[in-house]
Amino acid sequence: MNVWLAEIARAWRASVRRPGFLLLASGVLALGIGASMAVLTLIQNTVLRPLPVPHAERVVVLGPRWDNGHVGGISPHEYQYLGPPEGLRSLGLAHFGAAVNIAGAGDPAQVPVIRIDRHLLPTLALRPVLGRNFSAQEDGPGGPRAVLLGYHLWQRVYGGDAGVVGRRLDIEGRPHTIIGVLPAAFNKLLGPGDVILPIALPVASRDYNHNGAIAIGRLADDVEVATVAAQADAHERAMFRDMGMGGNWARPRFGAEPLADAFQQQTQPMLMVFLASALIVLLIALVNLANLMLLRALSRNHDQAVRGALGAPLLRLMLPALGEGLLVGACGTLLGMALAAAALAILQGFIPAYWLWGGSIHIGAGAWLLAGGIGLLGALLAALLGLWRSRGASTLEELRQGGRNGIGSHSGRLSRALVVAQVALAAVLLGTAGVFMHALYDASRVQLGYDQHNVLTFELAPVRGDYPDMASVLDLSHRLEQRLRAVPGVTGAAVTTNLPTSDDNYGSFNNGMRTPAGDEFQAQLHGIGQGFLKLFAVPLREGRDFANGDVRGGEPVAIVSQDLAERYYRGHALGQVIDVEIPNGTPVRARIVGVVGATYQRGPLQPHQPVVYLPLAQMPAATMAVFRQFESLRFALRGRGNPADWSAGVRAAVAEVAPRQPIARLRTMHSIVLATTAEARLNLMLIGVFASLALLLAVAGLYAVMAVAVAARERELGVRLALGAPPARLARLVLRGGLLQIGLGLAIGIAATLGLSHAFMALPLMMLNGTRGFDASVVGGVCVALALAGLLACLLPALRAARVPPMRALRGE
C-alpha cells in the first residue's frame, strides 16, 4: 500500500512541478463541469423545486385545455359549475387583475392585487401568519370590506408590526379592514400580490370571461389527476348542454394537471434546451480530456517500457496515470464548481422572477456529489482509455528507438476520431446559437410602425372611489393631459388604454369584431385620446385622425390598422363599418374613418396583431369596466432632451391635478421595447456561452492532437527538410490533416443539426416573428466560424513543423 501511495504522490509532484498539462486538463474538465452543474442547479431551483405548500404533489389546476395540452384560465361561471368534482378535497379560485390604489399606509401607492375566494387558502393548506381567512360574508356580494396583506407589503410598509390586524386600509378610496397577513409562500406560489381581496362571486355568476382566473384543487387520497380531469370535463359538458350549446362545445375540452406543470410550461422547454447544450459541452470536455490523457499516456510509453523491462508489475505501471487522473479530476471538479457558482451569481440578476418561484439559486449538496462523481470518474476513465490504447506498444521497439516512436497509427486514428466528434458537437451548438442570433438580428431591423424615442410613459389606474364612471375618468384624463403638456421639456401628451408595444400580459386587450360581411375575428382594441397617433408618429395611410367632434353621443368612429384593412376588408376599409362586441351587450357599430400602419404589440420578436382604435371618449362603458378590471390607463409624453429628466415634473403634475392618485411604472418607451426581447437575449447569451465553450474545447482538442503529432513526427519532418523539402509543403501537410478533421466534423455536425431542426423550431420560445431556422446563412456562419477556429488551432503546429531543425533530427539517427 505504501508503494502505491508513493507512486501516486510521485505522479502528483511531477504534475505540480510541470503544471502545463494539469492546468490544461483540469481547465477542460472544469469548463464542462461548470456549464453542466450551473444548468442542473438552475433546473433544480426551477422545474424541480417543490411548490411552497404542504403536499404540493396533490395540488392541481382545473380548466379548459389549450392547444398545447396545458390547462388555462377558467371563467367564474365555469368554476361555480364544477362543484367541486368528485375526487377533490377542496377547490379554490384565484383571480389576477389590474393593480389597485391604496392609501392610509404611507404615501398613496399603486400595488398588485390578487382576488381569492375563501376556499383557496384551505386548498393550498396555507394559513395567515397573523389573523384569519375571509369569512363567508366577506366573500359574498356586498359583504364587509376586508383585506389580507401580502407578506412583503406587511414588512415593507408596516415593518412587520404584529398589531396591524384590525387597522384600516383605503383601497380605491374605500375603507377596508385588515383581517390578516399571508405567509411569504403565498406570493412565491402565485406571484406579486401586496393586497389580497375576496373575489365575492354572486350565487350564480354569469361572468364567462376566462381572463386572469385559475381554479386550484387538492386531490383526495388515492385519487389520480386523470380521474379528476374526467370528472371536470363531464361537469363542464353538462353545463354546455344545459345552456343549449351542442356541437364542439359538447366535446371533451376540460382537464386537470399538476399545479407545478401549469406554472412551469413557459420555462420548461427552454431549460431543456439549456440542459441539452450543457450536456453537449460536458461531453465535449470529457472527449477532450480523454484525448489529452491518451496523448499523455503515449508520451509515457518509453518510461513504461523501461520500467516494464526492469520487472515492474502492471498495476504499478498504471498508478502514475491513475494518480494523475485523480488529481485532474479533483482540480477540475473544484474549479468547475467555482465557475458554476460564479455563473449562477451573475445569472441571478438576469433570470425572470417567475422562473424561480420567488426564491433564489443555491448549489445543493447533490450537485457537489454529482460534480465530484463526474470529475473523478471521467478523469479515471480517460486515464484508463489512454493506458488501454498505449498497451500495444512494443517494449522492445520502444527501448530500441529510445522513446522516439511517437503516436502509433491506431492511437492516432482514435485521437483524430475524438477531435471529429468534438467538432460535430460544437457545430450543433453553434447552429443553435446562430438561430437565436439570426432572430434577434432580424428583430433589430424590424420597423415597429411608430417612433419609440424620446417618449416617457407611466400607468395610472383611476381611484374608483373618486372616479367611478366614464365621465369622471375622461375628465381626469383631459385635465392631466393639459397639465402634463406644461411640464418643462414636454411638447406633447396623450392618454391610451394600450401603448403601441407592451412587455407584459396585461398590455393587450383582445376583443371580438365582426365585418358587414359576417366575418368574425379577434383584434386588439385600443382606446386612445386625441393626439396619440401624432405623438407616436403612427403613419396615417388613409382617411383622418380622430377629431374634437368624436365624442360620446356622436357617430361612433374607428381607425383600423392596415393589416386588418387588407385581411378583412380587402384593402377597402375606409368608410366601411365594424361591429365591436360589448360584454353582455349589443355590439357597437363604428364607421372606419382612418387606416394607419401596423404596430408590434408584443415587440419585434412577435408578429404584429390587427388593431382597432376607438376614441377614448366613445369607449363603451361596459368595455371600459372590463378593461379597468385588468389594466391601467397609460399616459405618454414626448419632448426634448432626456425623458428621465421629466420624471419629477410628471409626479408634481399628477399630484397637483389628483392629490390622492398614485402612478406606477414610470419608464421610457424605448426601455419597454427592449424588455420585450429581454428573455430572448438571455436565451441567446446562454446558448452563445455554451457554443463558445464548445468551440473553445474543440479548438483546444485539435491543437493538442496536432501539436503532439508534429512533435512525434519531428524526425521525419527534419529528414524531409534535410533532403530539400520546402518548409511551406510541410506546413501544408500539417494543415491539410487538421482541416480534414474539421471538415469531417462539420459535415456530421451540420447533418445532425438539420435533422434536429424540426424538433428545435417547435419549441414555444422559438415561435418568433420571421425566424428562419437553420437556413443557409446559419449553416454558412457555422462553417466559417469552425473553419477559422480550426485553421488557427492548426497554424502554430504547422509553423512548428516548417521550422524543425534538420540537424537535430539527423543527430537522432
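## A word on unusual backbone geometry
Argument step 1. Phi at Ala125 is positive, roughly 60 degrees, even though this residue is not glycine.
Argument step 2. As for its position among the elements, Ala125 is in the loop between helix 4 (120-124) and strand 6 (130-131).

## Here's the deal with the environment of His438
Argument step 1. Tracing the backbone shows His438 in helix 14 (residues 409-444).
Argument step 2. For the pair His438 and Val778, spaced 340 residues apart in the sequence, the C-alpha separation amounts to 7.6 Å.

## Re the pairing of strand 2 (residues 88-96)
Argument step 1. Burial analysis of strand 2 places 8 of its 9 residues in the buried class, which makes it a mostly covered element.
Argument step 2. Relative to strand 5 (residues 113-116), strand 2 is paired through 3 bridges, and the arrangement is antiparallel. Counterpart to Ala94 in the pairing with strand 5 is Ile116.

## Remarks on helix 5 (residues 151-158)
Argument step 1. Buried residues of helix 5: Leu153, Trp154 and Tyr158, and no others. Relative to the axis of helix 5, the buried residues are bounded by an arc of 100 degrees and lie together on one face.
Argument step 2. The inward-facing, buried residues of helix 5 contact strand 3 (100-103), strand 6, strand 7 (146-149), strand 8 (168-171), strand 9 (174-181) and strand 10 (195-198).
Argument step 3. Just downstream of helix 5 lies Gly159, where phi reads positive at about 65 degrees.

## Some thoughts on the packing of helix 15 (residues 470-484) against helix 19 (residues 647-657)
Geometrically, a packed helix pair is captured by the angle between its two axes and the distance between the axes.
Argument step 1. Across the interface, helix 15 lies against helix 19 with an axial gap of 10 Å and an inter-helix angle of 140 degrees. The orientation of helix 15 relative to helix 19 falls into the category oblique. Note on packing geometry: the crossing formed by helix 15 with helix 19 is right-handed. Judged by residue contacts, Leu476, Arg479, Leu480, Arg483 and Leu484 of helix 15 engage Val650, Ala653, Val654, Glu656 and Val657 from helix 19.

## A closer look at the environment of Thr599
Argument step 1. Mapped onto the elements of the fold, Thr599 is located in the loop between strand 20 (588-596) and strand 21 (611-615).
Argument step 2. Take Thr599: its relative accessible area is 1%, and that puts it in the buried class.
Argument step 3. Taking the C-alpha atoms as reference points, Thr599 and Asp563, 36 residues apart in sequence, are found 9.5 Å from one another.
Argument step 4. When residues no more than four places from it in sequence are discounted, the contact partners of Thr599 are Leu448, Gly449, Tyr450, Pro500, His608, Gln609, Val611 and Tyr613.

## Description of the packing of aromatic side chains
Here the distance between the centres and the angle between the planes together describe a pair of aromatic rings.
Argument step 1. Taken as a whole, this structure holds 5 aromatic pairs when the rule is applied.
Argument step 2. Measuring from ring centre to ring centre gives 5.6 Å for Tyr151 and Trp154, while their planes differ by 65 degrees; the resulting arrangement is edge-to-face. Residue Tyr151 and its partner Trp154 are located together in helix 5, separated by 3 residues, close to a single helical turn.
Argument step 3. By relative accessible area, Trp154 is classed as buried at 9%.
Argument step 4. Plain terms: the ring middles of Phe532 and Phe536 are 5.1 Å apart, the flat faces sit at 50 degrees to each other, and that makes the pair tilted.
Argument step 5. Taken together, the ring pairs in this structure connect Tyr450, Phe532 and Phe536 into an aromatic cluster.

Rules used in this analysis
- Residues numbered from 1 in each chain as written.
- Predicted model: local features only at pLDDT ≥ 70, side-chain atom pairs only at ≥ 80, totals over all residues.
- Heavy atoms only, no water.
- Helix = DSSP H or I, 4+ residues; strand = E, 2+ residues; numbered from the N terminus.
- Buried < 20%, exposed > 50% of the residue type's maximum accessible area, 1.4 Å probe, protein only.
- Pairing = 2+ DSSP bridges.
- Arc of directions from axis to C-beta.
- Contact = heavy atoms within 4.5 Å.
- Axes fitted to C-alpha atoms, helices over the stretch in contact; angles between N-to-C directions.
- Parallel < 35°, antiparallel > 145°, perpendicular 65-115°, else oblique.
- Left-handed = near helix turned anticlockwise from the far one by under 90°.
- Phe/Tyr/Trp six-rings, centres within 6.5 Å; stacked < 30°, edge-to-face > 60°.

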